[in-house]
Amino acid sequence: MKFTLSIVLVCFLGSFQVFAQKANNGTFAISKVAVSPLSASLGGSQIASFAGDVNQLVVNPALLDSSVSQQLSLGYLNYLADINQATVSYAQIIDSVGLVSGYFRYFDYGVFTERDEVGNQLGQFKIADYEVGFSFTRPYSDRISYGVTLKQYFSGSYQYFAYGVAADAGAYYHSQDNGFTAGLTLDDIGAKLVDYADDGISAMSPSLNVGITKKFSKAPLRFGFQYNNLQKWDLAENDADRVSILETDPLTGEVSRKKLTLDNLARHLCVSATILPTDNFNLMIGYNFRRRLELSIGERAGMVGFSFGAMVKIKRFTIQYGLSSYHLNGTSNQIALTTNINQWYRKTTVK
């Protein structure tokens, strides 16, 4: 584990060295898309909610539970238009190392037609992103665990290629008596080593996030709250509708945009609720304020920003489904099928 933490430290320091050279806010698109239907259902991300799901280790590598050892999960996401995602995740407890998990995802943007300057069709090509990551999780105490994820991004578009490396770090706290959990993550500490534009190394934009959940002992409910991007307050700076709202100082005549607003606060927040009538069946709902503010159209917001999901266990399988609304005409559907390989072993008794 010391070797792993050394790698993370190198990635962490290296990312800030790259920042000093040249900043690049554009990371690989797949880093913002949920692998787990549970996260998708709870507003897009919930780093403090686990539910024994191996896919949640992609969100927070510190989520530790022995029940995910030898857990295998296959997932599919019908994102928007012809964009699709396929994922596979697996975890295994290894003595003296801890919980080791890995995942791979393929993000397909679809098939595009190549044409010359006068419109003649020359052929077709695909655009796709790939991500592979390995996580290491260890307990710090009975209530606290920590973990790191080392990951690589690949992207291919026509005749161009991009490649990046990054690390995520996380911490997780769970109370043993009052149903309270808390999570902390620092994501995408790394750099894009090869860019489409071939203009050198550029840093990714790390994000610092904190989340909490609370389950009530006398009610089958769990509420969640998450604050994303602690490292940056002004998330509205790229929103054309907000940057055009300017104020003039009556004394100096200086024109500026007000940044300390409730609108900017809301863009950091996600809230969620889970109904847990039984251990084998859960219902989930989430609300992403930033998605609502940036992707809704005027007064016709509809269900933009809302997400819904369900989890059901049937014998050896767990099925998760999540639905997220991004636009009046755009919703994504995500499903994952999970099983524990250990449950498929035939147990025999030696006489």
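Reference entry: report on the structure contained in this document. (Residues numbered from 1 in each chain as written. Predicted model: local features only at pLDDT ≥ 70, side-chain atom pairs only at ≥ 80, totals over all residues. Heavy atoms only, no water.)

**Regarding the overall build of the chain**
Counting secondary structure elements, the chain contains five helices and 17 strands. Per-residue burial over the chain gives 43% buried out of 351 residues. In the chain, the share of contacts with a sequence separation of at least 24, taken over all contacts with a separation of at least 6, comes to 53%. Put simply, the chain shows about 18700 Å² of open surface, and 59% of that area lies on carbon and sulfur atoms. (Helix = DSSP H or I, 4+ residues; strand = E, 2+ residues; numbered from the N terminus. Buried < 20%, exposed > 50% of the residue type's maximum accessible area, 1.4 Å probe, protein only. Contact = heavy atoms within 4.5 Å. Areas by Shrake-Rupley, 256 points an atom, 1.4 Å probe, with all protein chains shown as cover.)

**A look at the side chain of His268**
Along the chain, His268 turns up in the loop between α4 (262-266) and β13 (269-278). Looking at His268, its side chain comes within polar contact range of the main-chain oxygen of Asn229, at 3.3 Å. One polar contact links the side chain of His268 to the main-chain carbonyl oxygen of Lys232, over a distance of 3.4 Å. Apart from residues no more than four positions distant in its own chain, His268 is found in contact with Gln226, Tyr227, Asn228, Asn229, Lys232, Trp233 and Leu235. (Polar contact = N/O pair within 3.5 Å; in protein donor to acceptor, adjacent residues only side chain to side chain.)

**Remarks on the pattern of salt bridges**
Overall, the coordinates contain nine salt bridges when judged by the stated rule. Asp168 is the partner of Lys151 in a salt bridge, and the nearest nitrogen-oxygen pair spans 2.8 Å. Of this pair, Lys151 sits in strand β5 (residues 144-157) while Asp168 sits in strand β6 (residues 160-174); the two residues are 17 residues apart in sequence, bridging distant segments of the chain. A relative accessible area of 3% means that Asp168 is categorised as buried. Among the charged side chains, a salt-bridge network with shared partners connects Asp263, Arg267, Arg290 and Glu294. (Salt bridge = Lys/Arg side-chain N within 4 Å of Asp/Glu carboxyl O.)

**What about empty space enclosed by the protein?**
Counting across every chain of the model gives two cavities of 30 Å³ or more. Put simply, the largest cavity is a space of about 40 Å³. If you trace the largest cavity, you find it lined by Val54, Leu57, Val58, Ser89, Tyr90, Ser101, Gly102, Tyr103 and Ser135. Going through the elements one at a time, β2 (84-94) and β3 (98-115) are the ones with two or more residues in the lining of the largest cavity. (1 Å grid on protein atoms, 1.4 Å probe; cavity = no way out; pocket = protein on both sides within 12 Å on 5 of 7 lines; lining within 4 Å. Points joined across faces, edges and corners; volume = space filled by probe spheres on them.)

**A word on the layout of surface pockets**
Empty space within the second largest pocket amounts to approximately 550 Å³. Residue lining of the second largest pocket: 28 residues in total, with Ala51, Gly52, Met311, Lys313 and Thr318 positioned closest to the centre. Broken down by secondary-structure element, the contributors of at least two residues to the lining of the second largest pocket are β13, β14 (281-288), β15 (306-314), β16 (317-327) and β17 (330-340). Among the elements that make up the lining of the second largest pocket, the one with the highest residue count is β13 (four residues). Split by residue class, the lining of the second largest pocket holds seven nonpolar, 13 polar and eight charged. (Nonpolar A, V, L, I, M, F, W, Y, C, P; charged D, E, K, R; others polar.)

**Looking at the environment of Gly183**
Of note, Gly183 is situated in strand β7 (residues 180-194). If near-sequence neighbours (up to four positions away) are discounted, Gly183 is found in contact with Ile47, Ala48, Asn60, Ala171, Asn209, Val210 and Gly211.

**Notes on a nonpolar patch on the surface**
The grouping of Leu74, Val88, Phe104 and Tyr130 at the surface amounts to a nonpolar patch, some 330 Å² of accessible area in total. Here Val88 shows up in strand β2. The exposure class assigned to Val88 is partly exposed, which follows from its relative accessible area of 31%. (Patch = residues over 30% accessible without salt bridge, like charges linked within 9 Å, V, L, I, M, F, W, Y side chains within 5 Å.)

**Description of the pairing of β17**
As paired elements, strand β1 (residues 71-78) and β17 share eight bridges and run antiparallel to each other. Within β17, the position partnered with Leu72 by the bridge is Thr339. (Pairing = 2+ DSSP bridges.)

**Details of unusual backbone geometry**
We note that Ala51 has phi near 60°; this positive angle belongs to a residue other than glycine. Turning to its location among the elements, Ala51 is positioned in the loop between α2 (37-41) and β1. Phi is positive for Gln70, close to 70°, though the residue is something other than glycine. Checked against the element boundaries, Gln70 lands in the loop between α2 and β1.

**Description of the packing of aromatic side chains**
On inspection of all chains with the given rule, the structure shows 13 aromatic pairs. Ring centres 5.9 Å apart and planes at 20° place the aromatic pair Phe112 and Phe125 in the stacked group. Of this pair, Phe112 sits in strand β3 while Phe125 sits in strand β4 (residues 121-139), placing them 13 residues apart in sequence. A residue is classified by how much of its surface remains accessible, and Phe112, at 34% relative accessible area, is partly exposed. In this structure an aromatic cluster arises from ring pairing among Tyr79, Phe107, Tyr109 and Tyr326. (Phe/Tyr/Trp six-rings, centres within 6.5 Å; stacked < 30°, edge-to-face > 60°.)

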